[in-house]
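# Chains, contacts and geometry: an overview
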Amino acid sequence: MRKTSPPLLMNRRRLLTTGAVALAAPAILPRSVFSQTPKTIRIGGAVPLSGPVAYWGHSTAQGFGDGAAVINAAGGVMINGEPHMIEVIDYDTKGEVADSRAATLRLVEQDKVKYVYSQAAASTVGMLQVTEPAGVLSIVACWGYLDLFGKNYPLHFRAETSDYEQGFAYIPFMQEKYGKDALKTAAFIGPNDQDGTDCHASYKRLMDYYGITQKSAEFYNWEDTDFYPIVAKTIADPPDFIVTSPSPPGITASIIKAARELGYTGPISSPAASETTTILEVAGEHADGVVLPVTNVSPSTDTQKAVEKRFMERFGTFNALAGNYSWWIYSLKAAWEMAGTAEDTKAVAEALAQVQLEDTYVGRVKWGGEKSFGVARQGIYDCYTTTIDKGVAQVEDVRFPALPDDY
Amino acid sequence: MSDFLQMGLTGLSLGLMYALIAIGLTLIFGVMRIIQYAHGEMFMLGAFALYYWHAELGLPYWAGVAFSAGLIFCLGAVLQVVLFKPLQGKNILYSLAVSLGLVLIISGSGQLLFGTTTKGIPSAVSGGMLIGGAYLSYERIVISAVSIGLIIALWAFLRHSVTGFAIRAVAEDPQTAALQGIRTDRVHWIAFGIGSAMAAIAGCMMGTLLSIVPTMGFLATIKAFMIVIMGGLGSVIGALIGGLILGMIDSVVTTTISGDIAIILSFVVIFLILVFRPSGLFGQNWD
């Protein structure tokens, strides 16, 4: 005979007891027992979403927004077999040091983020005042302020290949395209701040490496609008080519237009512009002969096409620069999984320096610069060099920078 | 020789464009005695109006300039009636606060509406010519001619039209003008509209020559104030001369020395003018 239990009757006492236990349980038992959702890794963006360099900031933020959605949809970041979702929180720095510092403080103290990304020199300077002392890992696009980069800032990564590393791809390309003898002298045009000064130092180092003589170096104010005077001065003794670094697309376009109108016909290379729509729109028919390193205007691989498609669907817009920044978050994901932690930023930093990605929007990616900066914290990747000819921009060369042994 | 001619031609075209922005500002101050900090935002909106008309919709360039001027005239007139008219006769700080608020609102909205990327307005003309070895693009020639034409037209309007007489009368003495039967309220919104339209046309011209972004108004305001202070608050001819001085300094000093020195020298010239002529080159004493 099968023994059956009496039916469980819910009298008042049992109801009250059950209710009290249910209410007290969250306070007694560990939180993980009740957790229905995976853990979250928060990444903060202290980026210029307004102001003169907002274009760069939006492009960077889009990379993190898209990457987080893709990674989360695929099950998240697996750390020691446990899934972690990524949450991205962005604050506007307006491209100002003080605003960036305030935004980063808010991210670190209020939002408790351990990973912050930023964009451009001023925002990076403000961000670093907070992140490094707080043990927060930072990943940025910034070429200047080299004294704020290297072994004294072990948690600071510069993901965007700078004008210096780019040079080891685009200078050989230009020498092949125009002939070595046609590129014996160069001139530099950049902003008159620390960013411009540092980029000029990198450019000088690059030109010395390739035995190219510098004819002139001119520095403009960020507020300048008419570049006729500074270009007239630059081409008074015409160089074989001009480098405009680190000038954004709008300024680069104005410089190109002025140079062409004033009769300069040599190549103009712009390592920072990374965008062709503005250049073609502003410089018009004068844009021919422009060389844009790390500017992939024609996504060709499956990964590149997928990035472009997703960005168009998610943001309604896509540009080569946003593509360039789309790999950063995947690099972090690889580092978290390699380090087996998202809490220990030092361990993640060590792992991140080892990360190599083979198939991103910018092709192959690795971190380098150990001999130059004391730590491998500089992102280096395939340079998709776009040129403009007869009003049409097209990728003309793809190569990984042939960096010198002492880099 | 051709180098100096190049600098001179560049400085002249630059100065005329600066003057166009500053004349609108000085007209508004002269008539209403308010500091319109959002003048640069009118300059920016004018440029974007032409951008959408000509570059996006493909409509004719010069009709776009007229559309932009008309649109910003209306916007200026509405702003005067709604925001500045109630502040008439009150401390200048009130209008200063309102115009600063306008700067933030219009500039911020501009970034949301127009995006943050730099844009270019296709030019109505292309090519150029050599003058004594110096190159001058047809674009700059046209823009300089438009600037000169507008400045002359404004001068003639103020000198010879009934409304122009009324504007000058209100600028001279609003109370006496009102006693003579001039409707000062009407003169105020007309002057504000004309000043804003001048900024819009300057925005169209500079936007075509250079490039446009929603934040471009700030620098235009700074330049306009430098010129107006140099030339004298409320003086149209002062704004023209001030614009030309600033354009020449920008061109000659930047080309021969550096852009930093050009900025320093611009302020040194302003300080010297204010020391020897506290009301500016052609200004009245507004105390």
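Above this note sits the structure.
Here we summarise the structure given alongside this text. Everything numeric in this text was worked out from a predicted model, so none of it was measured. (Residues numbered from 1 in each chain as written. Chains lettered and ligands numbered in written order. Predicted model: local features only at pLDDT ≥ 70, side-chain atom pairs only at ≥ 80, totals over all residues. Heavy atoms only, no water.)

As a further point, take unusual backbone geometry. Residue and element names in this part refer to chain A. Pro246 follows Ser245 through a cis peptide bond whose omega is -5°. Along the chain, Pro246 turns up in the loop between β9 (241-244) and α9 (249-261). Despite not being glycine, Val294 shows a phi value in the positive range, around 45°. Structurally, Val294 can be placed in the loop between β11 (290-292) and α11 (302-315). One non-glycine residue, Lys390, adopts positive backbone phi at about 50°. Checked against the element boundaries, Lys390 lands in the loop between β15 (383-389) and β16 (392-399). (Helix = DSSP H or I, 4+ residues; strand = E, 2+ residues; numbered from the N terminus.)

Let us look at the pairing of strand β2 (residues 134-137) of chain B. Residue and element names in this part refer to chain B. Side-chain alternation along β2 places Ala134 and Leu136 on one buried face and Tyr135 and Ser137 on a second face that is also buried. Where strand β1 (residues 128-131) lies against β2, 4 bridges are found, and the strand directions are antiparallel. Of the residues in β2, the one forming a bridge with Met129 is Leu136. Taken together, β1 and the strand that follows it, β2, pair antiparallel across an intervening segment of 2 residues, in which Gly132 is found at a positive phi of about 55°. (Buried < 20%, exposed > 50% of the residue type's maximum accessible area, 1.4 Å probe, protein only. Pairing = 2+ DSSP bridges.)

This brings us to the side chain of Gln6 of chain B. Looking at the element boundaries, Gln6 of chain B is found in helix α1 (residues 2-32). What Gln6 of chain B contacts, discounting residues up to four positions off in sequence, is Tyr228 and Leu262 of chain A together with Ala134 and Tyr135 of chain B. (Contact = heavy atoms within 4.5 Å.)

The next thing to look at is a nonpolar patch on the surface. Residues Ile257, Ile261, Ile264, Leu265, Val268, Leu272, Val275 and Phe276 of chain B make up a contiguous nonpolar surface patch of roughly 750 Å² in combined accessible area. In this structure, Phe276 of chain B sits in helix α11 (residues 259-276). (Patch = residues over 30% accessible without salt bridge, like charges linked within 9 Å, V, L, I, M, F, W, Y side chains within 5 Å. Areas by Shrake-Rupley, 256 points an atom, 1.4 Å probe, with all protein chains shown as cover. Salt bridge = Lys/Arg side-chain N within 4 Å of Asp/Glu carboxyl O.)

All names here are of chain B. Where helix α2 (residues 39-56) contacts helix α8 (residues 184-209), the two axes come as close as 7 Å, and the packing angle between them is 55°. With respect to each other, α2 and α8 are oriented oblique. As for the relative orientation of α2 and α8, their crossing is right-handed in sense. On α8, the residues that touch His39, Met42, Phe43, Gly46, Ala47 and Leu50 of α2 are Gly195, Ser196, Ala199, Ala200, Ala202, Gly203, Cys204, Met206 and Thr208. (Axes fitted to C-alpha atoms, helices over the stretch in contact; angles between N-to-C directions. Parallel < 35°, antiparallel > 145°, perpendicular 65-115°, else oblique. Left-handed = near helix turned anticlockwise from the far one by under 90°.)

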